[in-house]
Amino acid sequence: MCDYRLVKINRVIGKTENLVLLPREYFNKLSDDNYLEVLVNDNRESLHLSKSYYYYILSQLKKLALIEDNAISFKAIIPIVIHEKGIEFDNSIAYVDKDNKMLIFIDMKSSKYGCPECPVYMECVFGLRRIASSIGAKVGKIGDEGRYSKLPAKLWNTIVDEILHKYLKNLHNIKIPTLRDYPI
């Protein structure tokens, strides 16, 4: 089960290629249409949001280091769940496809869609292939029969693992912001 979206980006994409590990509760906010629209669109008038609400969301996105200098400042976002015993990576992702100016968003914890009856199955496979191609991973042939074996859901987990491995193997440090830096 998942929530998949392919969203056109109408905001400048910065040169930053960062992986952002975002606490799950903040990642959940991105699934809200208003947050997602402010993230990808810098034209407030086209969003039909009040000025104060638009700038409130924008300030939240800046505090989360997702927007910097009015540009998208990440390559991928992967949610994390923080427990008493450690950190768990969640197999969901928001990924910037710079070439097509698209944001590929999939939340594997949502119950919105399931592979066998998914109305966005082909778009999901498209997004999966785009990310796999950009990170040099192979996903093989995914036909319509793959929907019944839940193949895309399995492959999304593989893609998120590949991205984590790619970034974490080159990790030099992790900057942890102070408590006052997080939005409430």
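Placed above this text is the structure.
In this convention, every chain numbers its residues from 1, walking through the sequence in written order. Only residues with pLDDT of at least 70 are given local features in this predicted model, and only at 80 or more are side-chain atom pairs given and counted; all residues enter the totals for whole chains, interfaces and linings. The side-chain quantities take in all heavy atoms of the structure and omit both hydrogens and water.

**Looking at the overall build of the protein chain**
- In this description a helix means any DSSP run of H or I spanning at least four residues, a strand means any run of E spanning at least two, and both kinds are numbered starting from the N terminus. Counting its regular elements, the protein chain contains 5 helices and 9 strands.
- When the elements of the protein chain are put in sequence order from the N terminus, they spell out β-β-β-α-α-α-β-β-β-β-β-β-α-α.
- Considering only C-alpha atoms, the protein chain reaches an extent of 45 × 40 × 30 Å along its principal axes.
- The cut-offs for exposure are 20% and 50% of the maximum accessible area for each residue type, with area from a 1.4 Å probe on protein chains only; residues under the lower value are buried, those over the upper are exposed, and the others partly exposed. Among the 184 residues that make up the protein chain, the fraction classed as buried is 47%.
- By sequence separation, contacts in the protein chain at least 24 residues apart represent 68% of the contacts at least 6 residues apart.
- All accessible areas in this document rest on Shrake-Rupley with a 1.4 Å probe, and a residue is counted as covered only by the protein chains that are shown. Accessible area of the protein chain: about 10400 Å², with a carbon and sulfur share of 52%.
- For the protein chain, the centre of its 27 positive side-chain charges and the centre of its 23 negative side-chain charges are spaced 3 Å apart. Here a residue-residue contact requires only that any non-hydrogen atoms of the pair lie within 4.5 Å. We score Asp and Glu as negative and Lys and Arg as positive, and we do not count His or the chain ends. Charge placement uses NZ in Lys and CZ in Arg. For Asp and Glu, CG and CD serve respectively.

**So, the packing of helix α4 (residues 121-135) against helix α5 (residues 151-168)**
- Running from N to C, α4 and α5 cross one another at 25°; their axes reach a closest spacing of 11 Å. The angle between α4 and α5 falls in the class roughly parallel. As for how α4 packs across α5, the hand of that crossing is left-handed. Contacts between α4 and α5 involve Tyr-121, Cys-124, Val-125, Gly-127, Leu-128, Ile-131, Ala-132 and Ile-135 on the former and, on the latter, Pro-152, Leu-155, Trp-156, Ile-159, Glu-162 and Ile-163.
- A per-class count over the contact of α4 with α5 returns 12 nonpolar, 1 polar and 1 charged. All axes are obtained by fitting lines to C-alpha atoms, using only the stretch in contact for helices, and the reported angles, taken between N-to-C directions, cover 0 to 180 degrees. Here roughly perpendicular refers to angles of 65 to 115 degrees, roughly parallel to angles under 35, roughly antiparallel to angles over 145, and oblique to all remaining angles. Less than a right angle of anticlockwise turn of the near helix away from the far helix marks a crossing as left-handed, whereas a clockwise turn marks it as right-handed. Note on residue classes: Ala, Val, Leu, Ile, Met, Phe, Trp, Tyr, Cys and Pro are nonpolar, Asp, Glu, Lys and Arg are charged, and everything else, Gly too, is polar.

**Looking at the pattern of salt bridges**
- What counts as a salt bridge is simple: a side-chain nitrogen of Lys or Arg found within 4 Å of a carboxyl oxygen of Asp or Glu. All chains considered together, the criterion is met by 8 salt bridges.
- For Asp-3, the salt bridge identified is with Lys-112, shortest N-O distance 3.7 Å. Here Asp-3 is found in strand β1 (residues 3-8), whereas its partner Lys-112 is found in the loop between β9 (102-107) and α4, with 109 residues between them in sequence.
- What makes Asp-3 buried here is its relative accessible area of 5%.
- For the salt bridge of Arg-24 with Asp-90, the shortest nitrogen-to-oxygen distance reads 2.7 Å. Residue Arg-24 is located in helix α1 (residues 24-30), and its partner Asp-90 is located in the loop between β7 (86-89) and β8 (93-97); the two are separated by 66 residues in the primary sequence.
- Given a relative accessible area of 10%, Arg-24 falls into the buried group.
- A single network of salt bridges, built from pairs that share partners, joins Asp-3, Arg-5, Asp-33 and Lys-112.

**Some words on the sheet that holds strand β5 (residues 71-72)**
- Taken together, the 3 strands give an open sheet; going across it, the order is β2-β5-β4, and neighbouring strands pair in mixed fashion. The outermost strands of the open sheet, each flanked by one partner alone, are β2 (12-13) and β4 (67-68).
- By definition, two strands form a pair when at least two bridges between them are found by DSSP. Note that β2 and β5 share 2 bridges and pair parallel. Bridged to Val-12 within β5 is Ala-71.

**Some details on the pairing of β8**
- Across the 5 residues of β8, 5 count as buried, placing the element largely inside the fold.
- Residues Ile-93, Tyr-95 and Asp-97 line one face of β8 and the alternating positions Ala-94 and Val-96 line the opposite face, and both faces are buried.
- Relative to β8, strand β6 (residues 76-83) runs antiparallel, the two being bridged by 2 bridges. Each bridged residue has a counterpart across the sheet, and for Ala-76 the counterpart in β8 is Tyr-95.
- In the sheet, β8 pairs with β9 via 5 bridges, with the strands oriented antiparallel. Each residue of the ladder has a partner; that of Val-96, found in β9, is Leu-103.
- The loop that links β8 with its antiparallel partner β9 comprises 4 residues; one of these, Lys-101, has a positive phi angle of about 50°.

**Details of α5**
- Look at α5: 26 Å from first C-alpha to last across 18 residues, which is about the 26 Å you get at 1.5 Å a residue.
- Regarding α5, the residues found buried are Pro-152, Ala-153, Leu-155, Trp-156, Ile-159, Val-160, Ile-163 and Leu-164. The span expected for a helix works out to 1.5 Å for each residue beyond the first.

**Observations regarding the environment of Leu-21**
- Residue placement: Leu-21 occurs in strand β3 (residues 19-23).
- It is 6.2 Å that separates the C-alpha atoms of Leu-21 and Ile-80, two residues lying 59 residues apart in sequence.
- The contact partners of Leu-21, leaving out residues within four places of it in the chain, are Ile-78, Ile-80, Phe-89 and Leu-164.

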